[in-house]
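Listed below are the residues making up each chain.
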Amino acid sequence: MSVFWRTAAVGAMFALAIGIGAQTQTGSTAPLSPEQRRQQAAEFYRTHYVKHEYRIAMRDGVKLYTVVYTPAAGQFDDAGPYPFLMSRTPYSCGNYDNDVVEPHVTQNPAIVRSGYILVCQDVRGRWESEGTWYEMTPSHDGKGIDESTDMYDTVDWLLKHVKGNNGKVGIMGISYPGFYTAASIVDGHPAIKAASPQAPIIDLWMGDDAYHGGTFMLDANHSFYAPFFAPQKNPLKEEPKNDFDFGTKDMYAYYLRMGTLANLDSYKGGTNAYFHDQVVHTTYDSYWKARDLETHMHGVKAAVLDVGGWFDAEDLAGPVKVFHAIDKLSPDAPENTLVEGPWVHGGWAGQSSSVLGDIHFGSDTASFYRENIEAPFFAHYLKDAPMAPLPKAYTFETGSNVWKKYDAWPPKQAVAKMIYFEPNGGLDWKAPKERDSKDEYVSDPAHPVPFTQYVAEADVPQRYMDDDQRFATRRGDVLVYESQPLKEDVTVAGPVKPMLKIASTGTDSDFIVKLIDVYPEDYKDPDAGADEGKHVTSATPVFMQGYEMMVRGEPMRAKFRNSWEKPEPLVPGKVTEVDFTMQDVNHTFLKGHRIMVQVQSSWFPLIDRNPEVFEDIAKAKPQDFVKATETVFHQADAASGIELMVMPK
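Throughout what follows, the structure given in this document is the object of discussion. This structure is a prediction, so every number in the text was calculated from the model and none was measured.

With respect to unusual backbone geometry
The amide bond that connects Asn234 to the next residue, Pro235, takes the cis arrangement and shows omega of -10°. For Pro235, the position within the fold is in the loop between helix H6 (218-225) and helix H7 (251-258). With an omega dihedral of -5°, the bond running from Phe604 to Pro605 counts as a cis peptide bond. Along the chain, the position of Pro605 falls in the loop between strand E26 (594-600) and strand E27 (628-633).

Right, here's the structure in full:
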């Protein structure tokens, strides 16, 4: 539910992407300021597109604001007729009833420069559109009004009323617009020939924005709803004023001070009806099930490009889920390809993407995607341009930093292998033989394990997804298991499945598992600076020797170990299985590196605190939060580890 696509900086990002620069006297290109980029982008749009605003009536009479940008005559090599390329958004198409030309559809210069009729629509109940807005509008499968019928009616109107179109429609969107893209092609209009749901929300409770493993994604959700996303009185041209103030830049301190979810779900916490719904529906109940788009992806007639990022902190699950759902429910779709790169949320859209935090990926992967995958995909299906066949899955393999093509996802060659926890912090492919072996730690909700080593502001820092975990290794409430240096590369492709044998003194606990790539101590860092030791007087340097790169991390609330709908308490002291599935990865642990797994019971304020007591946490009181001793077993009759999908040599 990122605000990614609502920003008015689309034009600036477009100018940055096409690399416009000012020529110096020596012939070199000088970098432009952000304001110069915005001006150049605005000039391009002004001279190349003509703006038209409409209020299109749906079948029930509700009118949806739709802005159409048609290519200006003589400005494109393609003289038309042109296909439509559309995005539907709850974040505002912007610039209502004026002559500002700024399409909020795509930042891809290869698309914008080639000639499309660009269309942005405010979805039902948001901004200038009439009607009532619902969180992730439930699909009605042809038995009522939903996003599919709104898209169908819009396409029908556009084809009949916008001159110079070629009868073909594409739709794309990132994050919430990604959801609307996927929802719009359910039993879709036959003129929709191409669709690209990018970082789409597919199931809010099952691994997208709201809940992961039954834990509430606290920081991301509260910082989205409290200061920004709230109910509106429509139609609406300007964003209503919001006076909410966190009062600090330190979100760890803020959420610890606020204490409980009940305090956040209050006037002081900046709550609204949308946030309230996220907080109070703490099990997989009918509210969430109605918003699971995964079970409705039937009748897809368009070619589909499902796009996501391996380091997306918001909608990591959505792209893979919609990919599998379309394969299952719409097997006759002309194309259904999964693309995953080393990207944060929307990181492929307009900027360069060769680094995240301290980790370098060796090339500008975002530009590669835009020029070699996205632009040819839409040109092929909407303009009949030639295109090299796409694989079933086109994924970037981190660690080795190479693009891979597979005929299935996960790859058919991948083999499930368990890597087991051992005594003394070991990690090995062989099952343990010890008769009595375990580790313990005390989980204290008053002193939760932070998810970053630095002070993080509101909005989850995107770089945490591959951050160094050495700070967590040094805590007494984090268990660490580490392999010997690898004698050969190990490539993992697919979901990661922790299988834990635990016991707790509490009646509920969380178990966060992190899969980590440990760099060798003799790693040669090409970016290492000269400042070391006592000579450091500015920002501290980052030493990559021994760096603990998080490859994947996910939480699991133990009370949901047997059912998402009917939680069950832990029996204090009883050995219990806690198995769960983490999000997919495609990563190579290089020769000489080590594989590490960390286990902990808090991850704050990324997820809400567990009081270590079986109860409805939305109703928990401050006195309910107590310490618990957590035990993880690694013995012959109670082995713990993680199952990895390992590629053969």
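A short note on the sheet that holds E26
Pairing within the open sheet is antiparallel, and its 4 strands lie in the order E20-E26-E22-E23. Of all strands in the sheet, those bounded by a partner on one side alone are strand E20 (478-482) and strand E23 (548-557). Adjacent strand axes in the sheet meet at a mean angle of 15°, parallel and antiparallel pairs treated alike.

Thoughts on the sheet that holds strand E8 (residues 192-198)
By way of backbone hydrogen bonds, the strands of a sheet pair with one another, either parallel or antiparallel. Spatially, 10 strands are ordered E3-E4-E6-E5-E7-E8-E11-E12-E15-E16 in an open sheet, and the strand pairing comes out mixed. Two strands in the sheet have a free side with no partner beyond their single neighbour: strand E3 (49-57) and strand E16 (402-406). The mean inter-strand angle of the sheet, taken between neighbouring strand axes irrespective of direction, is 20°. In this sheet, strand E6 (residues 117-122) lies alongside strand E5 (residues 82-89) in parallel orientation, the contact comprising 6 bridges. The residue of E6 that forms the bridge with Thr89 is Asp122. Across the sheet, helix H12 (residues 365-383) touches E5, strand E7 (165-174), E8, strand E11 (303-309), strand E12 (336-341), strand E15 (393-397) and E16, and the angle it forms with E8 is around 155°.

A word on the packing of helix H4 (residues 147-161) against helix H5 (residues 176-184)
Contact geometry of H4 with H5 gives a least axis separation of 8 Å together with a crossing angle of 80°. Viewed along their axes, H4 and H5 adopt a mutual orientation that is roughly perpendicular. Here H4 contributes Glu147, Ser148 and Met151 to the contact with H5, which in turn contributes Phe179, Tyr180, Ala183 and Ser184. Counted by class, the contact of H4 with H5 contains 4 nonpolar, 2 polar and 1 charged residues.

A look at the state of the cysteines
One pass over the structure, following the stated rule, counts 1 disulfide. With a sulfur-sulfur separation of 2.1 Å, Cys93 is cross-linked through a disulfide to Cys120. In this structure, the disulfide formed by Cys93 and Cys120 twists by about -90° around the S-S bond and is classed as left-handed. One end of the pair, Cys93, is in the loop between E5 and helix H3 (109-112); the other, Cys120, is in strand E6, with 27 residues separating them in the sequence. Across this residue pair, the class does not change: Cys93 and Cys120 are buried.

Quick notes on the pairing of E12
Successive side chains on a regular strand alternate, one facing one side of the sheet and the next facing the other. Of all the 6 residues making up E12, 6 are buried; the element is thus mostly covered by neighbouring parts of the structure. Here E12 shows no split at all, with Asn336, Leu338 and Glu340 on one side and Thr337, Val339 and Gly341 on the other all buried. Across 6 bridges, E11 lies against E12 in parallel orientation. By the bridge assignment for E12, Gly309 is matched with Gly341. You can see the chain leave E11, run along helix H11 (residues 318-329) and come back into E12, and the turn it takes is right-handed. Taken together, the 3 bridges between E12 and E15 define a ladder with parallel strand orientation. Pairing of Glu340 across the sheet is with Thr395, part of E15.

With respect to the pattern of salt bridges
Applying the stated rule across the entire model yields 22 salt bridges. The residue Asp384 makes a salt bridge to Lys168 at a minimum N-O spacing of 2.8 Å. With Asp384 in the loop between H12 and E15 and Lys168 in strand E7, this pair connects stretches of sequence that are 216 residues apart. Judged by relative accessible area, Asp384 falls into the exposed class, the value being 58%. Lys168 sits in the buried class, given a relative accessible area of 17%. Between Lys249 and Glu457 there is a salt bridge; the shortest N-O distance is 3.5 Å. With Lys249 in the loop between H6 and H7 and Glu457 in the loop between strand E19 (438-443) and helix H13 (470-473), this residue pair connects regions lying 208 residues apart in the sequence. Accessibility expressed as a relative area gives 58% for Lys249, which makes it exposed. Its relative accessible area of 45% is what places Glu457 among the partly exposed residues. One salt-bridge network, in which partners are shared between bridges, spans Arg55, Asp97, Glu128 and Lys237.

What counts as what
Residues numbered from 1 in each chain as written. Predicted model: local features only at pLDDT ≥ 70, side-chain atom pairs only at ≥ 80, totals over all residues. Heavy atoms only, no water. Helix = DSSP H or I, 4+ residues; strand = E, 2+ residues; numbered from the N terminus. Pairing = 2+ DSSP bridges. Axes fitted to C-alpha atoms, helices over the stretch in contact; angles between N-to-C directions. Contact = heavy atoms within 4.5 Å. Parallel < 35°, antiparallel > 145°, perpendicular 65-115°, else oblique. Nonpolar A, V, L, I, M, F, W, Y, C, P; charged D, E, K, R; others polar. Disulfide = S-S within 2.5 Å. Buried < 20%, exposed > 50% of the residue type's maximum accessible area, 1.4 Å probe, protein only. Right-handed = clockwise from strand over helix to strand, strands pointing away. Salt bridge = Lys/Arg side-chain N within 4 Å of Asp/Glu carboxyl O.

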